[in-house]
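# Commentary on secondary and tertiary structure
If you want the building blocks of each chain, they are given just below.
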Amino acid sequence: MTARAQSTIVRQPYGTTTAGVAVDMFTMTNANGMEVKIITYGGIITAIRVPDRYGNMANVALGFNSLHDYEAKNPYFGCIVGRFANRIANATFTLDGKTYTLAPNEGPNTLHGGNVGFDKRVWEASETPSDAGVALRLHYLSPDGEEGYPGNLDVTVVYTLTDSNALRIDYAAATDAPTVLNLTNHSYFNLAGEGMGAIFDHILMIDADRYTPVDATLIPTGELAPVAGTPFDFRVPKAIGPGQRSNHPQVVVARGYDQNFVLNRPDPHDDLLMLAARVYEPGFGRVMEVWTTEPGIQFYAGNFLDATLVGASGHIYRQSDGFCLETQRFPDAPNQPGFPSAVLRPGERYATATVFKFATD
Ligand code: BGC
């Protein structure tokens, strides 16, 4: 009988930020040899190595190979996004009659938490015991008023790598004043392998009957539009390529896929972990499923990758060389009364989970 390999988690120094803060890298390996690398800067997943149908391993997460690149020019590769993933219109919202002004960092709007979001913070990190696999606990205390958001916010993100090749992310937070919160992970995937070119042939399923159309600045109009008869209909799995080059006005405005899908859930506020999306890459046979407790998922097909970044394996990243499936509350939820709430109040516990399950077919 062959002894089964043990899962491990190893910490090593990764570098020092320009502000002089030490950053570490954690390498988590499971019993099958699947490997996930996470750095304490931004809680960034820098690599996910999974087998293809022949058992060959490749890194399926886009990223860089230096802290300098992550600090200087990261388009949110692999990071934890907060306090508010996606956009808030005109960088402002009103809660309990009080108006808050945020940092506009994309035209008039705020994107992904503002100028210095959670993706640019150095998180406290420690290995944490888990029955499910090897686990890394990241912790960050976001002070009242940071980037304009109210409340001292205590945030914990736990990454768990299981022996069934799942990477689970648990987000938890508590606040001492009413606030809004929308945490996600912004990994870009290419199931053929990072740096292997465009993801047009990937076959995608998203379990959503509706999506949230956007205006010219990519803020939702408030409508929940049916996907039926549009490039956004991924209820039956189909290749990404044709829709990514479609002339549908919503594709044109975003230069490709960059929309929030309304996941089919019995109740948008329940906390059931449900299958939201499945991606299959036919060439190497890798499959990734996304399970989440969240009501929405942003499918973004790397539209703004413009050949100015060189990735970890030394290849230039061009448009559509990776895709993101960002589980989330809906964009601009703080200004959209018709959307599921993104409000967190003192005494409440924010707790969401997303699982990326890898397999082959
Ligand atoms: C957004 C894109 C944005 C990208 C930044 C995505 O979540 O939807 O519009 O360009 O993040 O990398």
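Just so we're clear, the structure is a prediction, and the values are computed from it rather than from any experiment. (Residues numbered from 1 in each chain as written. Predicted model: local features only at pLDDT ≥ 70, side-chain atom pairs only at ≥ 80, totals over all residues. Heavy atoms only, no water.)

Looking at the element boundaries, His-186 is found in the loop between strand 16 (184-185) and strand 17 (203-206). Given a relative accessible area of 3%, His-186 falls into the buried group. Dropping the residues within four chain positions of it, His-186 is found in contact with Pro-75, Tyr-76, Phe-77, Gly-78, Cys-79, Val-81, His-112, Tyr-300, Cys-324 and Glu-326. (Helix = DSSP H or I, 4+ residues; strand = E, 2+ residues; numbered from the N terminus. Buried < 20%, exposed > 50% of the residue type's maximum accessible area, 1.4 Å probe, protein only. Contact = heavy atoms within 4.5 Å.)

Glancing now at the nonpolar core. The biggest cluster of nonpolar side chains holds 60 residues, and the ones touching the most others in it are Ile-48, Ile-206, Phe-299 and Leu-325. No other element matches the five residues that strand 13 (residues 153-162) contributes to this core. For Leu-325, the contacting residues outside a window of four places in its chain are Leu-204, Ile-206, Ala-277, Val-279, Met-288, Val-290, Ile-297, Gln-298, Phe-299 and Phe-356. Counting 21 residues, the second largest nonpolar core, distinct from the first, contains Met-25, Ile-39, Leu-67 and Tyr-300. (Core = buried A, V, L, I, M, F, W, Y, C linked by side-chain atoms within 4.5 Å.)

Attention now goes to unusual backbone geometry. Here the residue pair Gly-82 and Arg-83 is connected by a cis peptide bond, since its omega of 0° sits within 30 degrees of zero. Topologically, Arg-83 is positioned in the loop between strand 6 (80-81) and strand 7 (87-88). A positive phi is found at Tyr-76, a non-glycine position, where the angle reads about 75°. As for its position among the elements, Tyr-76 is in the loop between helix 1 (67-73) and strand 6. According to the relative accessible area criterion, Tyr-76 is buried, its value standing at 14%.

Another point: the sheet that holds strand 1 (residues 8-16). Pairing within the open sheet is antiparallel, and its five strands lie in the order 1-2-3-4-5. Two strands in the sheet have a free side with no partner beyond their single neighbour: strand 1 and strand 5 (57-59). Going across the sheet, the axis of each strand differs from the next one's by a mean of 15°, ignoring polarity. Pairing of strand 2 (residues 22-29) with strand 3 (residues 35-39), which is carried by five bridges, proceeds in the antiparallel orientation. What sits directly across from Thr-27, in strand 3, is Lys-37. (Pairing = 2+ DSSP bridges. Axes fitted to C-alpha atoms, helices over the stretch in contact; angles between N-to-C directions.)

One pair of aromatic rings is described through two measures. These are the centre distance and the angle between the planes. One pass over the full model with this rule turns up 23 aromatic pairs. With 5.5 Å between their ring centres and 85° between their planes, Phe-77 and Tyr-317 make a pair best called edge-to-face. With Phe-77 in the loop between helix 1 and strand 6 and Tyr-317 in strand 26 (residues 316-317), this residue pair connects regions lying 240 residues apart in the sequence. Plain terms: the ring middles of Phe-93 and Tyr-100 are 5.2 Å apart, the flat faces sit at 25° to each other, and that makes the pair stacked. On the basis of relative accessible area, Phe-93 is assigned to the buried category, the value being 1%. (Phe/Tyr/Trp six-rings, centres within 6.5 Å; stacked < 30°, edge-to-face > 60°.)

This next bit is on the sheet that holds strand 19 (residues 225-226). Reading across from one edge, 19-18-21-24-27 is the order of the five strands in this open sheet, with antiparallel pairing throughout. At either end of the open sheet lies a strand with only one pairing partner, and these are strand 19 and strand 27 (324-328).

Across the 10 residues that make up strand 14 (residues 166-175), a large majority, seven, are buried. For strand 13 and strand 14, the ladder comprises nine bridges, and the chain directions are antiparallel. When the bridges of strand 14 are listed, Thr-160 appears paired with Arg-168. Relative to strand 29 (residues 350-360), strand 14 runs antiparallel, the two sharing eight bridges. Counterpart to Ala-166 in the pairing with strand 29 is Lys-357.

In this section: the environment of Ile-45. Among the structural elements, Ile-45 can be located in strand 4 (residues 45-51). Along the chain, Ile-45 and Ala-61 lie 16 residues apart, while their C-alpha atoms are 7.8 Å from each other. In contact with Ile-45, not counting residues within four places along its chain, are Val-36, Lys-37, Ile-38, Gly-78, Tyr-159, Leu-167, Asn-185 and Ser-187.

A few words now on the site of the ligand. Within the structure, the ligand sits among Pro-75, Tyr-76, Arg-87, His-112, His-186, Tyr-188, Asp-258, Gln-298, Tyr-300, Phe-304 and Glu-326. Contacts to the ligand include Gln-298, whose side-chain N or O atom sits 3.3 Å from an oxygen atom. Between the ligand and Glu-326 there is a distance of 2.6 Å, counted from an oxygen atom to a side-chain nitrogen or oxygen. When the ligand is considered free in solution it has 310 Å² of accessible area, and contact with the protein chains removes 94% of it. Class assignment for the residues of the shell around the ligand results in five nonpolar, three polar and three charged. (Near = heavy atom within 4 Å. Polar contact = N/O pair within 3.5 Å; in protein donor to acceptor, adjacent residues only side chain to side chain. Areas by Shrake-Rupley, 256 points an atom, 1.4 Å probe, with all protein chains shown as cover. Nonpolar A, V, L, I, M, F, W, Y, C, P; charged D, E, K, R; others polar.)

With that out of the way, let us pick up the pattern of salt bridges. One pass over the structure, following the stated rule, counts 13 salt bridges. With a shortest N-O distance of 2.6 Å, Asp-24 and Arg-11 are connected by a salt bridge. With Asp-24 in strand 2 and Arg-11 in strand 1, this residue pair connects regions lying 13 residues apart in the sequence. Owing to a relative accessible area of 18%, Asp-24 belongs among the buried residues under this scheme. Classification of Arg-11 as partly exposed rests on a relative accessible area of 45%. The shortest N-O distance in the salt bridge between Asp-209 and Arg-235 comes to 3.3 Å. One end of the pair, Asp-209, is in strand 18 (residues 208-212); the other, Arg-235, is in the loop between strand 19 and strand 20 (238-239), and 26 residues separate them in sequence. (Salt bridge = Lys/Arg side-chain N within 4 Å of Asp/Glu carboxyl O.)

The values are spatial; any link to function lies outside them.
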